[in-house]
Amino acid sequence: MNTENFNTLELLRKQFRYPFPTLKNPHAEQLQELTEKFWIDGEYLWLYEQNPDLRKKYKKTKTAHIAAQWFPTASPERFKPICRLMLWTLYNDDLYEECDPNDIGYVHAQSIAILNGEISAEDSGIPLGSMLSTLRLELLEFIPQESVSRFTQMISRYFTGLETELKYKKNKSYPSIKECIALRENSICLYPFLQLTELETGIILPQEIHEHPVIIRLQTLACHLVTFFNEVQSVLKDEATDSIYYNIVKVIQHERQISLKEACLEDLRLHNEDLKEFVELQSSLPDFGIWQDAVVNWVHYMSMVLSGWKNISTKLDRYTKDEFPGAAELKDKLKQVR
C-alpha cells in the first residue's frame, strides 16, 4: 500500500479543469429513488439479497445522479434506460472484476446476443440477462434498431477491454502505457453512453456522421479524458484490490520507476494534451450541411460528460478505499450465481 503523503482528490479538484458547462438533470432524485427501491431492493434484489451492506454501497454510488450529469436534459421516460444502463455497468464491473479471463468470453457473447434480440434473458444463462433484455426494449421505444446496434457494438468493445484487463491481472503483468490507454478506452464503458445522446435529443444522425473521423476522434478523446481522471481517482482502490496492472497511473509508475505523485502528474499531462485536442476539434468542426446544428449540439453534450463526471465523481464514496465492494465478497457472489 502506498504511504506517500499525496492527496489525489486535491489534484483532481484543482488541476483537472474543463472549460465546459455543468448541467444536471432535474429528474435525478426521482430516478435515484426508482433505482434504490425498485431495482436494487426490488427487481435485482436477488443478486445481493443476503448482503444489505453491499446494496447500501450501490445506493451510495448514486448512479442516477451520475447519469444526470451526463444526460442533463432527458425526459424521465428517456432517462430511465440510461439509469438502468448505469446500474448495469456497476453490477457487471463488480461481478466480473474477479472473474477468470476465460469465463468472460461467454458473458460477453451472451450479453451481445441479448442486446441483438437473438436470445432471451432466460436462455442466456447470465445473471444480468434480464437487465439487458429490459434495456434493449426500453431503448427501442425511442431510437431505431440501427442506433441500438451501434450501442451494442460499443458494449462489445467494453467487454473486450474487460477481458484484456483480466488477463493482465491474472498474469500479474503490466501492459505498456500505450496499450493500457487503448484497453482502458474500451473498458471505461463510456462509448455506449455517448451513443445514447440520440435518446436524449431525439435527433437520429445518419450513419456517415457516426463514421466521420472527427466524430470518432472526439469520442475517443472523451473516453481518454474520463479515463485519465478516473485513474487518479481510483488509484488507492486499485492498489487495495490488486487492479494496479491496468491503472494508467500505476502503469506509468511501473514503466518509468517514478513516485506515485510523479505518475499522477504525468497522467495529468497526457489528459491535458487530449483535452487541448478535444477543444480544438470542437471549435473547428467540419461542415456537416443540414446536420451541422445537431452535430454541434451532440459534441456539446459530449463535453458536458467530462465536466459532469468531475463534478459528481469527486463527491462519491465508491472511490475511497473503504466504500467499494470487497474482492472476496464479489468472488463469493460469482460462485453463487453460476
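Values in this document were obtained by computation on a predicted structure and should not be read as measured data. (Residues numbered from 1 in each chain as written. Predicted model: local features only at pLDDT ≥ 70, side-chain atom pairs only at ≥ 80, totals over all residues. Heavy atoms only, no water.)

1. Focus on helix H1 (residues 8-15)
Here's step 1: When we look at burial in H1, the residues that qualify are Thr8, Leu11 and Leu12. Buried residues along H1 cover an arc of 100° about the axis, so they all sit on one side.
Here's step 2: For H1, the secondary structure elements touched by its buried residues are helix H14 (213-240), helix H16 (260-283) and helix H17 (292-313).
Here's step 3: Its side-chain oxygen 3.0 Å from the backbone nitrogen of Leu9, Asn7 forms the N-cap of H1. (Buried < 20%, exposed > 50% of the residue type's maximum accessible area, 1.4 Å probe, protein only. Helix = DSSP H or I, 4+ residues; strand = E, 2+ residues; numbered from the N terminus. Arc of directions from axis to C-beta. Contact = heavy atoms within 4.5 Å. Polar contact = N/O pair within 3.5 Å; in protein donor to acceptor, adjacent residues only side chain to side chain.)

2. What about the confidence of the model for the protein chain?
Here's step 1: In the predicted model, the protein chain carries a mean pLDDT of 92, and 92% of its residues have values of at least 70.
Here's step 2: For the stretch residues 319-328, pLDDT sits under 50, and the model shows 26 contacts to residues farther than four places along the chain or on other chains.
Here's step 3: Note on residues 333-338: pLDDT is under 50 here. Beyond four places in sequence and across chains, it has 11 contacts. (pLDDT = per-residue confidence, 0-100.)

3. What to know about the packing of helix H10 (residues 177-187) against H14
Helices that pack against each other are described as a pair by the angle of their axes relative to one another and the distance between those axes.
Here's step 1: H14 packs onto H10 with a crossing angle of 100° between their chain directions and a minimal axis gap of 9 Å. By the angle between their directions, the pair H10 and H14 is classed as roughly perpendicular. Residues Ile181, Arg184 and Glu185 of H10 pack against Thr220, Cys223, His224, Thr227, Phe228, Asn230 and Glu231 of H14.
Here's step 2: Here the contact of H10 with H14 is built from residues that sort into three nonpolar, four polar and three charged. (Axes fitted to C-alpha atoms, helices over the stretch in contact; angles between N-to-C directions. Parallel < 35°, antiparallel > 145°, perpendicular 65-115°, else oblique. Nonpolar A, V, L, I, M, F, W, Y, C, P; charged D, E, K, R; others polar.)

4. So, the environment of Gln32
Here's step 1: By secondary structure assignment, the location of Gln32 is in helix H2 (residues 28-43).
Here's step 2: Taking C-alpha positions, Gln32 is 6.7 Å from Lys62, a pair spaced 30 residues apart along the chain.
Here's step 3: When residues no more than four places from it in sequence are discounted, the contact partners of Gln32 are Lys59, Lys62, Thr63, Ala64 and His65.
Here's step 4: From its side chain, Gln32 meets the backbone nitrogen of Ala64 in a polar contact 3.0 Å long.

5. Quick look at the packing of aromatic side chains
Here's step 1: Inspection of the entire model under this criterion finds 12 aromatic pairs.
Here's step 2: The interplanar angle of 70° and the centroid separation of 5.7 Å between the aromatic rings of Phe20 and Phe278 together place this pair among those described as edge-to-face. Placement of the pair is Phe20 in the loop between H1 and H2 and Phe278 in helix H16, with a sequence separation of 258 residues. Phe278 shares its class with Phe20; the two are buried.
Here's step 3: Site record: aromatic cluster; members linked through ring pairs are Trp70, Phe71, Phe193 and Trp309. (Phe/Tyr/Trp six-rings, centres within 6.5 Å; stacked < 30°, edge-to-face > 60°.)

6. A few points about helix H4 (residues 63-70)
For the α-helix, the turn length of 3.6 residues means that residues three or four positions removed from each other point alike.
Here's step 1: For H4, a buried count of eight out of eight residues is recorded, marking the element as mostly surrounded by other parts of the structure.
Here's step 2: What H4 keeps buried is the set Thr63, Ala64, His65, Ile66, Ala67, Ala68, Gln69 and Trp70.
Here's step 3: Buried residues along H4 sit in contact with H2, helix H5 (76-96), helix H11 (191-195), helix H12 (197-201) and H17.

7. With respect to the packing of H4 against H5
Here's step 1: Here H4 crosses H5 at 120°, and the two axes come no closer than 9 Å. One element, H4, and the other, H5, form an angle in the oblique class. Where H4 crosses over H5, the handedness of that crossing is right-handed. For the pair H4 and H5, the contacting residues are Thr63, Ala64, Ile66, Ala67, Ala68 and Trp70 in the first and Phe79, Ile82, Cys83, Met86, Leu87 and Leu90 in the second.
Here's step 2: When its residues are assigned to classes, the contact of H4 with H5 shows 11 nonpolar, one polar and no charged. (Left-handed = near helix turned anticlockwise from the far one by under 90°.)

8. Thoughts on the pattern of salt bridges
Here's step 1: Here the structure, examined in full by the defined rule, presents 21 salt bridges.
Here's step 2: With its nearest N and O atoms 3.3 Å apart, the salt bridge here joins Glu10 to Lys14. With a gap of four residues between them, Glu10 and Lys14 both fall in helix H1, about one helical turn apart.
Here's step 3: Where Glu266 meets Arg256, a salt bridge forms, and the shortest distance between an N and an O atom there is 3.3 Å. Here Arg256 lies in helix H15 (residues 248-256) and Glu266 lies in helix H16, a separation of 10 residues in the sequence.
Here's step 4: The buried category is assigned to Glu266, whose relative accessible area is 12%.
Here's step 5: Sharing partners across several salt bridges, the network here consists of Arg256, Glu266, Arg269 and Glu273. (Salt bridge = Lys/Arg side-chain N within 4 Å of Asp/Glu carboxyl O.)

9. Re the state of the cysteines
Here's step 1: Evaluated as defined, the whole model comprises zero disulfides.
Here's step 2: Cysteine Cys180 is unpaired, with the sulfur of Cys264 as its nearest cysteine sulfur at 13 Å.
Here's step 3: Here Cys180 falls in the buried class, since its relative accessible area comes to 0%.
Here's step 4: Relative accessible area serves as the criterion here: at 0%, Cys264 is assigned to the buried category. (Disulfide = S-S within 2.5 Å.)

10. Section: the environment of Leu218
Here's step 1: Topologically, Leu218 is positioned in helix H14.
Here's step 2: In this structure, the C-alpha to C-alpha distance between Leu218 and Val279, residues 61 residues apart in sequence, is 9.2 Å.
Here's step 3: The residues contacting Leu218, other than those within four sequence positions of it, are Phe278, Leu281, Gln282, Leu285, Val299 and Met302.

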